[in-house]
Every structure is written in structure tokens, then in C-alpha cells.
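Coordinate analysis (summary)
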Amino acid sequence: MAVQVKICGIKTEEALEAAIEAGADFVGFVFFAKSPRYVDAETAGRLAERARGRIRTVALLVDPSDADLDRVLTTVDPDIIQLHGAETPERVAEIRIQAARPVLKAVKVATAADIVAASAFPAADMFLFDAKPAKTASLPGGNGVPFDWPLLAQTPPDRPYMLSGGLTTDNISEAIRVTGAQAVDTSSGVERAPGEKDPAAIRRFVQAAKAVTERMPIEAA
Ligand SMILES: O=C(O)c1ccccc1N[C@@H]1O[C@H](COP(=O)(O)O)[C@@H](O)[C@H]1O
């Protein structure tokens, strides 16, 4: 089966349509005000309406309050919630109940211990492994930085995951081969400027990711 692909940081119809036409499986909307990919709930709601039935939508939140979450649930009605902050296992469980839809918990990786520690989140339906941001980074994600992929092959996570962090058309093939990831996510890797998606780069990325797994059975035979 082809790897599943998420294109995160969608703010415009042009980028949404590029992701759908390219054959991506998920698009993400970033509700983190300091991000160049931030989109307000009303705009995301319109984009999500356009996406419905064509591609699954993911709402990316960072340490949301109940009110933040409620606003996104009501206005955007996303298929999946991505939590990219410092949410505790208890808070993830509360959000899972309030949202009543699958939760993708971002786990920031520097060492194998970070992958092992992810099992402390029983309420997460799926993990999203991203590089641990540098202390100087202004964003908790979307920094375009990969982590040490062999860590994932050496420390298999206890549930499904998406691989993210600095993925581009140039490295996606190797990233999938090294980790065995069944799902991948990119944001800054398909942009022409921070927060500005490049439709051609989206197409190239999705094509490159899907091509890896489509070739795998032939190579294994
Ligand atoms: O993209 C952002 O601006 C962002 C802001 C706050 C939290 C997470 C964010 N992005 C997520 O980070 C990973 C990796 O992104 P990149 O490919 O390295 O740019 C991805 O899941 C984004 O959705």
C-alpha cells in the first residue's frame, strides 16, 4: 500500500487543491498564532468545507484550552486533532474525549528515549514524530529540521505514526526506506517562502512519497 501523505500549513484554496490533485491523504490547518502558517478558524472552516469528502482534514493546535478546541471543532469540524505542544498524557485524554475524534500527538525526538516515552500517551490514536526544536527555535514545530531517522527503525513505536520534520522531495525516499514509515507529513519542505505553499513542490513531494512504497514489493521480490 502506498504511504499516506499529509501536507500541513494549508492557508489557501490553491494549496488545498494542489494537495488534493496530487493525491495527498490529509491536509493540516495550523492554529498557532506565531506561525507563518497560522490560519484563522473562519478561513479554515471554508477550506475544510471545500475539502470534505475529498481529503481528510487535521487541525493542528498547541496546548489548546477547552475554548480554543471548542471553537475549532465548531467552526472547522476537522477529521483529526493534532496536538503539537507540551500537552500531558492526562490533557491528551481530556482533549480526546472533548473532540470525540482521533488525536495525533506530536512527539519531539532527539534520542531513542523520546520514542519510548511516547507510550505514556495511551489516549493518542497515532503519534507524529518530529525533531525536538532547538532551544532558540521560535516555533514548537514546522522548523524544517529532520531528526535521526534510524532511531525509529531501532525503537519501533507501539502504535501507528506519521514521520515529520524537515521532509522534502529530495529526502522523502530515504526517510521512508530508513524508518519504514507508513505515513509522512511535511510543511516547510513544500514552500517557496515561510507560510507560502508551492503547488509544484506539493505535487513533487506527494509523487516521490507514493513512488517509494509502490516500488517496494517489486524490489523485495
Ligand atoms: O508549521 C508550523 O508552523 C507549526 C507550528 C507549530 C507547531 C507545529 C507546526 N508544524 C508542524 O511541524 C511538523 C514539521 O514541519 P516541517 O515539515 O519540518 O516544516 C509538521 O507536523 C508540521 O505540521
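Sequence order sets the numbering: in each chain, residues are counted from 1 along the sequence as written. In view of the model being predicted, local features appear only for residues whose pLDDT reaches at least 70, and side-chain atom pairs are presented and counted only at 80 or more, with totals across whole chains, interfaces and linings using the full set of residues.

Looking at an unreviewed UniProt entry, one finds the chain named N-(5'-phosphoribosyl)anthranilate isomerase and attributed to Dichotomicrobium thermohalophilum. According to the UniProt record, the Sequence similarities (unreviewed entry) comment for the chain reads "Belongs to the TrpF family." UniProt positions are given in the numbering used here, feature names are shortened, and annotations may be inferred rather than shown by experiment. UniProt's Pathway (unreviewed entry) comment on the chain is quoted here verbatim: "Amino-acid biosynthesis; L-tryptophan biosynthesis; L-tryptophan from chorismate: step 3/5."

1. Topic: the environment of P150
Along the polypeptide, P150 turns up in helix α6 (residues 150–154). Once the C-alpha coordinates of P150 and D130 are considered, the two residues, 20 residues apart in sequence, prove to be 13 Å apart. Put simply, DSSP marks the helices as runs of H or I at least four residues long and the strands as runs of E at least two long, and each gets a number from the N terminus on.

2. Focus: helix α7 (residues 172–179)
Within the span of α7, buried status applies to I172, A175 and I176. Considered in projection along α7, the buried side chains sweep an arc of 95 degrees and stay on one side of the axis. Note on α7: the residue one or two positions beyond its end, G180, has a positive phi of about 75 degrees. Exposed residues have 12 or fewer other C-beta atoms within 10 Å of their own C-beta, buried residues have 20 or more, and residues in between are partly exposed; the C-beta atoms are placed from the backbone. Along the arc lie the directions from the helix axis toward the C-beta atoms.

3. Regarding the confidence of the model for the chain
Counting all residues, the mean pLDDT for the chain is 95, and 96% of those residues have values of 70 or more. pLDDT expresses how confident the predictor is about each individual residue, on a scale running from 0 to 100. Contact between two residues is assigned whenever their backbone-derived C-beta positions fall within 7 Å. Predicted confidence is poor over residues 217–221, with pLDDT under 50, and the contacts of this stretch with residues over four places away or in other chains come to zero contacts. Interface confidence for the predicted complex, given as ipTM, is 0.97, next to a pTM of 0.95.

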